[in-house]
2 protein chains.
Amino acid sequence: MSLLNKFIKVGITVDNVIFGFDDEQLKVLLIKRGEEPYINNWALPGYFVKDDEDIADAAKRVLKELTNLQNVYLEQVETFGDVHRHPSGRVITVAYYSLIKIQSYESQLQVGSIAQTARWFSLSEIEDLAFDHQKILDSCVKRLKLRVQSRPIGFELLPPKFTLSQLQHLYETIMETSLDKRNFRKRLLAMNLLIDLDELQEGVAHRPAKLYQFDSQRYKELVAQGKGYIFDLKEHKRKPSKVNGVHS
Amino acid sequence: MSLLNKFIKVGITVDNVIFGFDDEQLKVLLIKRGEEPYINNWALPGYFVKDDEDIADAAKRVLKELTNLQNVYLEQVETFGDVHRHPSGRVITVAYYSLIKIQSYESQLQVGSIAQTARWFSLSEIEDLAFDHQKILDSCVKRLKLRVQSRPIGFELLPPKFTLSQLQHLYETIMETSLDKRNFRKRLLAMNLLIDLDELQEGVAHRPAKLYQFDSQRYKELVAQGKGYIFDLKEHKRKPSKVNGVHS
DNA sequence: AAATTTATTGCTAAATAGACACTAAATCGG
DNA sequence: CCGATTTAGTGTCTATTTAGCAATAAATTT
C-alpha cells in the first residue's frame with residue numbers, strides 16, 4: 001500500500017506538566033533524568049507512546065507510574081514537532097498538563113525508570129530544563145491560567161475540604177494577582193458551587209475557618225443545561241502600600 | 001542507541017480546517033479525496049509531514065498547495081492519535097485551523113494531488129466526513145469561537161476594507177448569536193483598533209456604508225505594552241419576533 | 001417622487017464590579 | 001488568665017458597565 005511509504009520512523013512521546021499546590025506556591029513535578037540524552041538534567045516527566053497505545057492513555061500512564069494517581073484532571077495542550085527538537089532523532093511530543101492534590105502525592109519511582117529522582121519545583125526555581133521543556137512548560141502554564149478562568153478546575157489542586165482563604169490564595173497564585181477578600185467570597189458563594197460542610201479547620205493558631213467542598217454534582221448539572229459559566233477573577237488593585245510580600 | 005528502539009513507524013499528518021466567510025456564512029474548505037481510503041469522500045485537507053519538515057511548516061504547505069496563500073493566520077488546535085483512527089495503520093494527526101479571505105481564494109488543485117476537487121461548505125451542510133474529521137472540525141470550530149473573543153482575528157476573514165455591518169455579521173455568524181447594532185459599534189470604535197478610511201461602499205442599492213480597516217499597528221503596540229485586550233461580545237436578546245431568519 | 005433598503009447615531013435604566021474597615025474566634029506567650 | 005497575635009468573616013456605597021431601545025440619513029429602484 002503506497003500510503004505506508006509516507007510513514008516515517010519517529011519517536012512519539014507525551015510530556016506531562018504535573019501541577020500541585022502546597023498552600024504557598026504553584027508547583028511542578030520534575031524528574032532528574034537517569035539516561036542520555038540530558039542525563040542528570042531536570043526534565044518534564046514523559047514517555048514514549050507505544051505502538052498500540054492511544055496518546056491520551058500514554059499521558060495517563062506517565063502520571064500513574066510517577067504518582068500512582070488515576071482519574072485526575074488531564075488536558076492536552078500543544079504538540080511540539082520541530083525536526084531538531086530532540087538530539088537523537090525525530091521525536092514529536094504531545095504536551096499535557098495535569099492537576100493533582102499535592103498532599104496525595106507519594107513518590108512511586110520504579111527501579112529502571114527513566115528518572116533518578118523526582119521533586120516539586122516552584123515555577124521561579126526552574127531553569128535549564130532538558131530539550132525544549134521550558135517552552136512546553138510555558139505553554140502549559142499559560143493554558144492553566146486561561147482555563148482556571150473558564151472552568152472550576154482550581155479545586156483539583158486542593159484537598160477535598162478547603163477553606164475560602166486557601167481557595168483565594170490558590171487563585172491569586174495561579175493568576176499572579178491579588179483579590180479582594182470580600183468580593184472574592186461574594187462571587188464564589190454566589191456561584192452556588194460550594195457546599196458549606198459546617199466543619200471547622202483544626203490545629204491552627206488562630207480563628208479556624210469553615211471548610212467547604214466543591215459541588216461537582218451541581219457543576220455537572222449546570223454544564224448539562226448548557227449554562228455558561230465564567231469564573232472570571234478580575235484583578236484587584238491593592239493600595240500602593242506594603243508592596244513587598246517577601247517572607248521574613 | 002537504545003532510544004531508537006522506542007521509535008515506531010507511523011504516519012504523521014496535519015489536517016487543516018480552512019475557514020472563510022462569504023458575507024453570509026462561515027465556510028470551510030473541504031476536499032474530495034481521490035485516493036483510498038475514503039476515496040470520493042469529503043475530508044479536511046491534510047498531508048503527511050515529511051521526515052525533515054517541521055509540523056507547522058507542513059500545515060503551511062497544505063494551505064499553500066491548496067490555496068496558494070501564505071502568511072495567513074494559522075493556529076494549532078489539537079492532536080488526534082487514537083490507535084485506530086486511520087484504517088491503514090497508525091496515523092497521528094495534528095489539527096490546525098486557518099483563516100483566509102475567501103475572496104482571494106482561487107482553486108489551485110494540482111494534478112496528482114490527493115484531492116479530486118475542493119469546495120467551500122457551510123458548517124450545516126457538512127456530513128459524512130472521512131476518518132475522524134468531524135471530530136477534528138468540531139474541535140477547531142470550538143477553538144475559533146473561543147479565540148474570536150480574545151484576539152482580533154475576525155479581520156482575517158474579511159477583505160482589507162470592510163463595513164461595520166459586515167464585521168458585525170461576521171461576529172454574529174461565528175458566535176451564533178445576534179448583537180445590538182448600536183452597542184456593537186460603540187464597543188468596536190471604543191477599542192480604537194479601526195481606521196476610518198473616509199471611503200464609502202460602492203455599487204450597493206442603498207445607503208453606502210463607510211469603510212474601515214483594521215489597525216494592526218496599534219494592536220501590536222497594545223500587545224507589546226502587555227495591555228490586556230478582550231474582544232468580549234456578549235449575547236443580545238432580540239425581541240422574540242421575526243424568529244425565522246430563513247431566506248425566501 | 002415615492003418606496004425600499006441599509007447606515008448611522010445617544011440616552012437611560014439596570015446590573016455588576018470594585019473599593020473599603022471593623023469585629024470575631026482561635027492560639028501563644030508571659 | 002489576659003493581652004498580643006493571627007486569620008476569619010461580613011455589608012454598603014459608588015462608579016462603571018451593560019443592555020435595551022427608535023428615529024433620521026443616504027443611496028438605489030420603480
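The coordinates are above.
Residues numbered from 1 in each chain as written. Chains lettered and ligands numbered in written order. Predicted model: local features only at pLDDT ≥ 70, side-chain atom pairs only at ≥ 80, totals over all residues. Heavy atoms only, no water.

Asker: Tell me about the protein's contact with DNA strand D, and name the residues and values.
Answerer: Close contacts around DNA strand D come from 23 residues, with Ser165, Arg185 and Lys210 of chain A together with Asn183 and Arg207 of chain B the closest. The separation between a base nitrogen of DNA strand D and a polar side-chain atom of arginine 207 of chain A is 3.2 Å. Taking aspartate 180 of chain B, its side chain carries an N or O atom lying 3.3 Å from a base nitrogen of DNA strand D. Taken together, the elements giving at least two residues each to the surface near DNA strand D come down to helix H4 (181-191) of chain A together with helix H4 (181-191) of chain B. A per-element tally of the surface near DNA strand D places H4 of chain A first, with five residues. (Near = heavy atom within 4 Å. Polar contact = N/O pair within 3.5 Å; in protein donor to acceptor, adjacent residues only side chain to side chain. Helix = DSSP H or I, 4+ residues; strand = E, 2+ residues; numbered from the N terminus.)

Asker: Report on the protein's contact with DNA strand C, specifying residues and quantitative values.
Answerer: Residues in contact with DNA strand C amount to 24 residues; listed here are only the nearest, Arg207 of chain A together with Ser165, Lys181, Arg185 and Lys210 of chain B. Close to the protein, within 4 Å, the atoms of DNA strand C are drawn from sugar and phosphate at a rate of 45%. Here a phosphate oxygen of DNA strand C sits 2.9 Å away from a polar atom, N or O, in the side chain of serine 165 of chain B. Histidine 206 of chain B places a polar side-chain atom, nitrogen or oxygen, 3.5 Å from a sugar or linking oxygen of DNA strand C. Taken together, the elements giving at least two residues each to the surface near DNA strand C come down to H4 of chain A together with H4 of chain B.

Asker: Before we move on, can you summarise the packing of helix H3 (residues 164-175) of chain B against H4 of chain B with the specific residues and values?
Answerer: Residues and elements named next belong to chain B. Orientation of H3 relative to H4, taken along the N-to-C sense of each, is 105°, at an axis distance of 11 Å. Taken together, the axes of H3 and H4 are roughly perpendicular relative to one another. Where H3 abuts H4, its residues Leu164, Ser165, Leu167, Gln168 and Tyr171 lie against Lys181, Phe184, Arg185, Leu188 and Leu189. Counted by class, the contact of H3 with H4 contains six nonpolar, two polar and two charged residues. (Axes fitted to C-alpha atoms, helices over the stretch in contact; angles between N-to-C directions. Parallel < 35°, antiparallel > 145°, perpendicular 65-115°, else oblique. Contact = heavy atoms within 4.5 Å. Nonpolar A, V, L, I, M, F, W, Y, C, P; charged D, E, K, R; others polar.)

Asker: How would you explain unusual backbone geometry if you had to name every residue and give the values?
Answerer: What you tend to see is this: most non-glycine residues have negative phi, and most peptide bonds are trans. Residues and elements named next belong to chain A. In this structure, the amide linkage connecting glutamate 36 to the following residue, proline 37, adopts the cis form with an omega of -10°. Among the structural elements, proline 37 can be located in the loop between strand S2 (26-33) and strand S3 (42-43). Unlike most non-glycine residues, tyrosine 38 shows phi in positive territory, near 60°. Relative to the assigned elements, tyrosine 38 resides in the loop between S2 and S3.

Asker: Report on the interface of chain B and chain A, specifying residues and quantitative values.
Answerer: Counting residues at the interface gives 34 residues for chain B, matched by 34 residues for chain A. Of all residues in chain B, Phe7, Ile8 and Phe48 of chain B give up the largest surface area on contact with chain A, accounting jointly for 20% of the area buried on that side. Run the count over chain B and chain A and you get zero salt bridges. Across the chain B-chain A interface, the total number found is 13 residue pairs in polar contact (both at pLDDT 80 or more). Of all the elements, strand S1 (residues 8-21) of chain B adds the most residues to the side of chain B that touches chain A, at five residues. (Buried area = accessible area lost by both parts, 1.4 Å probe. Salt bridge = Lys/Arg side-chain N within 4 Å of Asp/Glu carboxyl O.)

Asker: I'd like to hear about the relation of the copies chain B and chain A, residue by residue, with values.
Answerer: Superposition record for chain B on chain A: RMSD 0.0 Å, screw rotation 180°, translation along axis 0.0 Å. Both copies of the chain, as the preceding transformation shows, are related through a two-fold rotation axis. The C-alpha atom lying nearest the rotation axis in chain B is that of lysine 9 of chain B; the distance is 2.1 Å. Take the interface residues of chain B: 100% of them recur as interface residues in chain A, which is what a same-surface contact looks like. (Least-squares fit on C-alpha atoms with pLDDT ≥ 70 in both.)

Asker: Could you give me a rundown of helix H1 (residues 55-67) of chain B, with the residues and numbers involved?
Answerer: Every α-helix carries 3.6 residues per turn, so stepping three or four residues along brings you back to the same face. Residues and elements named next belong to chain B. The terminal C-alpha atoms of H1 lie 19 Å apart, and with 13 residues this matches the ideal 18 Å at 1.5 Å per residue to within 8%. The complete set of buried residues in H1 reads Ile55, Ala58, Ala59, Arg61, Val62, Leu63, Leu66 and Thr67. Two residues or fewer past H1, asparagine 68 is found with a positive phi of approximately 60°. (Expected span 1.5 Å × (residues − 1). Buried < 20%, exposed > 50% of the residue type's maximum accessible area, 1.4 Å probe, protein only.)

Asker: Now, about the packing of aromatic side chains: what can you tell me, with residues and values included?
Answerer: Evaluated as defined, the whole model comprises 20 aromatic pairs over all chains. Considering the side-chain rings of tryptophan 42 of chain A and phenylalanine 121 of chain A, the 4.8 Å spacing of their centres and the 70° angle between planes classify their relative orientation as edge-to-face. In this pair, tryptophan 42 of chain A sits in strand S3 while phenylalanine 121 of chain A sits in strand S7 (residues 115-122), placing the two residues 79 residues apart along the sequence. On the accessibility criterion, phenylalanine 121 of chain A (5% relative accessible area) is buried. Put simply, the rings of Phe155, Phe162, Phe214 and Tyr219 of chain A pair up and form one aromatic cluster. The residue whose ring lies beneath arginine 61 of chain B is tyrosine 47 of chain B, and the NZ or CZ to ring-centre distance is 5.0 Å. (Phe/Tyr/Trp six-rings, centres within 6.5 Å; stacked < 30°, edge-to-face > 60°. Lys NZ or Arg CZ within 6 Å of the ring centre and 35° of its normal.)

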